[in-house]
Amino acid sequence: MIEIAPSLLCADFARLGEVTAELAAAGVDRLHFDVMDGHFVPNLTFGPLVWQALREQTSLPFDAHLMVSNPDDSLDRYLGTGADWISVHVEAATHLHRVVEAIRQSGSAPGVALNPGTPLSTLDEILAYVDYVTLMTVNPGFAGQSYIPAMTGKISRLRRLVDERGLSIKIVVDGGMSPRTAPEVVAAGGDVLVSGGSLFGGKGMLAENAAALREAIELGLRKRRDP
């Protein structure tokens, strides 16, 4: 099943509890938290206090995407805080294996994230140790950016690499996900689509926007099965 992961960076922060309930009712699969430190990316967002405050309001899995410098030094702030999935950027971690193992030992599923310009070769020695890879399809830091078309080929190459190695790794695609871009991303091999502006800023209500995205995903799945 292809998952929809709303990015709460695009939600109304004044009513996150209500939004979380609306998203669950709309049938999304997990909630995505973009943690930005103002250093690794030029923006500041939120930390674990936000998802801890929401934890009792939903059973949806929480995915914490750490866009922070030196996660080796700050990781303890996020472990054991209720995030089901935690990813760090390969560009930011000095001792990536150590960070990934610490995430797993804490009870969360470990993942790594790559910026658009980072080659897949940086995954060679870590791929067997993670549960998912987040491919950024926009340059991280701000919501509402357009999908970079060249990333479709990168998704396809990662799909082949994962399959050739016989790994059970989810490919998370983050950036510019909408009913327009979802079919090609899913057909290329994406498993989880992180969507912000399309869900929260679309023409319809959250449920309508989620349904439109799900319909586009089904189109992509048909293309994947019958290229």
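Scroll up to find the structure.
Everything quoted here is computed from the prediction, not taken from an experiment.

Visitor: Help me understand the sheet that holds strand β2 (residues 31-36), please; the structure alone is not making it clear to me.
Guide: Two strands in a sheet stick together by hydrogen bonds in their backbones, pointing the same way (parallel) or opposite ways (antiparallel). Spatial ordering of the open sheet is given by β1-β8-β7-β6-β5-β4-β3-β2, a layout of 8 strands whose pairing is parallel. At either end of the open sheet lies a strand with only one pairing partner, and these are β1 (3-6) and β2. Averaged over all neighbouring strand pairs, the angle between strand axes comes to 25 degrees, with direction disregarded. Summarising the sheet, β1 and strand β8 (residues 192-195) pair through 4 bridges and their orientation is parallel. Of the residues in β8, the one forming a bridge with Ile 4 is Leu 193. The strands touched by helix α4 (residues 96-105) within the sheet are β4 (85-89) and β5 (109-114), with β5 carrying the most contacts at an inclination of about 140 degrees. Packed on one face of the sheet, helix α5 (residues 151-164) meets β5, β6 (132-136) and β7 (170-174) and runs near 165 degrees to β6.

Visitor: What is the right way to look at the side chain of Thr 181 in this model?
Guide: In this structure, Thr 181 sits in the loop between β7 and α6 (182-188). At 3.0 Å, the side chain of Thr 181 and the backbone nitrogen of Ser 178 are in polar contact. The residues touching Thr 181, leaving out its near neighbours within four places in the chain, are Tyr 147 and Gly 176.

What counts, and at which threshold
Residues numbered from 1 in each chain as written. Predicted model: local features only at pLDDT ≥ 70, side-chain atom pairs only at ≥ 80, totals over all residues. Heavy atoms only, no water. Pairing = 2+ DSSP bridges. Helix = DSSP H or I, 4+ residues; strand = E, 2+ residues; numbered from the N terminus. Axes fitted to C-alpha atoms, helices over the stretch in contact; angles between N-to-C directions. Contact = heavy atoms within 4.5 Å. Polar contact = N/O pair within 3.5 Å; in protein donor to acceptor, adjacent residues only side chain to side chain.

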